[in-house]
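# Fold and geometry: a report
Take a look at the letters that make up each chain.
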Amino acid sequence: MDARLEAVYEEALKRNPTQPEFQQAVREVIESLETLLLSRQDYQDAGILERIIEPERQIMFRVAWQDDNNVVRVNRGYRIQFNSTLGPYKGGLRFHPSVTLSVIKFLGFEQIFKNALTGQGLGGGKGGSDFNPHGKSDDEVMRFCQAFMMELSRHIGADVDVPAGDIGVGAREIGYLFGQYKRIANRNEAGVLTGKGVGWGGSLGRREATGYGLVMFADNMLAQRGDSIAGKTAIISGSGNVATYAIEKLHQRGGKAVSISDSGGAVYDPDGIDVELLKEIKEVRRGRVEHYAAERPNAEFRKNRKVWDIEADLALPCATQNEIDANDVRAMNANGLQLIAEGANMPLTPGAVEVAQNSRILYAPGKAANAGGVATSALEMQQNASLQGWSFDVVEDKLEAVMRNIHDTCLRTAEELDDPGNYLVGANAAGFMKVADAMIQQGVI
Ligand code: GLU
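What counts and how
- The residue numbering used here restarts from 1 in each chain and proceeds along that chain's sequence as written.
- Totals for whole chains, interfaces and linings use all residues, but because this is a predicted model, local features are given only for residues with pLDDT of at least 70 and pairs of side-chain atoms are given and counted only at 80 or more.
- Side-chain numbers here rest on the full set of heavy atoms in the structure, without hydrogens or water.
- UniProt positions are given in the numbering used here, feature names are shortened, and annotations may be inferred rather than shown by experiment.
- Any two strands with at least two DSSP-identified bridges between them are counted as paired.
- For helices the rule is a DSSP run of H or I covering at least 4 residues; for strands it is a run of E covering at least 2, with both sets numbered from the N terminus onward.
- Axis definition: a line fitted to C-alpha atoms, limited for helices to the stretch in contact. Angles are taken between N-to-C directions and run from 0 to 180 degrees.
- Note on contacts: a residue pair qualifies if any of its non-hydrogen atoms lie within 4.5 Å across the two residues.
- Definition used for salt bridges: Asp or Glu carboxyl oxygen within 4 Å of a side-chain nitrogen of Lys or Arg.
- Aromatic pairs are defined between Phe, Tyr and Trp rings, using the six-membered ring for Trp, whenever the two ring centres lie within 6.5 Å; interplanar angles under 30 degrees are classed as stacked, those over 60 as edge-to-face, and all others as tilted.
- Each residue is placed in one exposure class: buried if its accessible area under a 1.4 Å probe, protein chains only, is under 20% of its type's maximum, exposed if it is over 50%, and partly exposed if it falls in between.
- A ring is scored as having a charge over it whenever the NZ atom of a lysine or the CZ atom of an arginine sits within 6 Å of its centre and within 35 degrees of its normal.

If you check an unreviewed UniProt entry, the protein chain appears there as Glutamate dehydrogenase from Trueperella bonasi. On record in UniProt, under Subunit (unreviewed entry), the comment for the protein chain is "Homohexamer."

## Observations concerning the sheet that holds strand β1 (residues 57-66)
Here five strands make up an open sheet; going across it, the order is β1-β2-β4-β3-β5 and the pairing mixed. What marks the edges here is a single partner per strand, and that holds for β1 and β5 (161-164). Averaged over all adjacent pairs, the angle separating strand axes in this sheet is 20°, with direction ignored. The pairing of strand β2 (residues 72-83) with strand β4 (residues 124-129) spans six bridges and is classified as antiparallel. Looking at β4, one finds that R79 is bridged to G127. Relative to the sheet, helix α6 (residues 101-118) contacts β1, β2, β3 (89-95) and β4, its axis offset from that of β4 by approximately 150°.

## A word on the pattern of salt bridges
Within this structure, the stated rule accounts for 34 salt bridges. A salt bridge links E54 to R15, with the shortest nitrogen-to-oxygen separation between them at 3.4 Å. Placement of E54 in the loop between α5 (48-52) and β1 and of R15 in helix α1 (residues 3-15) is noted, with a sequence separation of 39 residues between them. Sharing partners across several salt bridges, the network here consists of E300, R302, R305 and D309.

## Some words on the packing of aromatic side chains
According to the stated counting rule, one finds 17 aromatic pairs in the structure shown. Between the aromatic rings of F95 and F144, the centroid separation amounts to 5.1 Å while the plane-to-plane angle is 90°, which identifies the pairing as edge-to-face. Of the two residues, F95 sits in strand β3 while F144 sits in helix α7 (residues 138-152), which places them 49 residues apart along the sequence. Residue classification places F95 among the buried positions, given a relative accessible area of 1%. Overall, F144 belongs to the buried group, its relative accessible area being 0%. Seen in terms of ring centroids, F217 and Y423 are 6.0 Å apart; in terms of plane orientation they differ by 65°. Their pairing is edge-to-face. One end of the pair, F217, is in helix α9 (residues 206-223); the other, Y423, is in helix α18 (residues 423-442), with 206 residues separating them in the sequence. Members of the aromatic cluster, connected to one another through ring pairs, are F22, Y43, F82, F109, F113 and F432. Above the plane of the ring of Y43 lies R40, whose end atom (NZ or CZ) is 4.1 Å from the centre. If you follow K249 out to its NZ or CZ, it ends over the ring of Y212, 4.5 Å from the centre.

Spelled out as structure tokens, the structure:
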């Protein structure tokens, strides 16, 4: 790395010493932007890099609530308002025991560039808690969400900061969070959250958007090689919202998804994942992938294993950060895999990205490939602001256009930076420039 960039990175390490995920995300962006950053004196003069890696505001708070036995529980809540250059802070809330300040900061940092790529006037932020919704009753989840919103409500608003879901925050949680916000604010401010129920301000197609958009993006990548999703086999990790709707869209386009996973292990289903059964088990019964396997004739549950050694054409990681390491990518490459597109945020370790970039595998980072979710959140905000409700087809057509535009922007930008076909460089550079140019226009703040 160039000495000037190294110095900025060293400073970030010093300032954030115990934040490995955040350090990883910053390093990846700086490394991939070396050519761009060194060629732009105006960015250096305006201290863009130094400013963009420092969140505008970081909120941490206590969330106290009572479980079903009236035992007092304490969790920690976070909201990182990272960058508001392009619009109100926007990004999801993650409820998972692995949540730390580092995790929320890496997610918020990625969100800045992802949101910029959508072209929709959104700043970047992220929040969440180390609360684990698994194994909690609906009442407990409701009380936790209400306590969480009691504090969060002071910091958000339709023109200020607009949270949505992420891991552990789905339709149920957004409902409880919105209800509590409405009660505190004493107004029905639909645009304060996205991912709402369709009957009360939500958008048709938002639920499906991240997974659908991911497959649309992968289809655009394959089109570059004169190919398409039809006839392709895919290995998918995760079994939540992103995985479920990626599988659905894959099947609609003639592909076949043969795996899902959760923290207990992986399922290999050679007949193709039965998406309706998966929805029933996850969304209605709140069960595990092991239960799915038990109900499918030829499916195999692989306890504590990953899905990446299964032979396939495509890999769509849709679980969580750092779920694919360098050896996984080597195994995929040896199996003739053609494409990795990230449905999760930062699922590849830096070593895995390096192996993928030096192989024949097409690789797209999450900030491009999974941007369909937040892009459709912006469509939800547009409908809320104009008191409209668009049809599913209208939303899906807009999503398709956004994903194609992001794809083409990545390729065009990579080409301009003399790194043709490099989606990582294209995504980081296009997102970064959009924010950086606007930051210069808005002055030193
Ligand atoms: N959590 C999603 C993401 O990682 C969606 C955020 C949103 O819709 O605001 O992009």
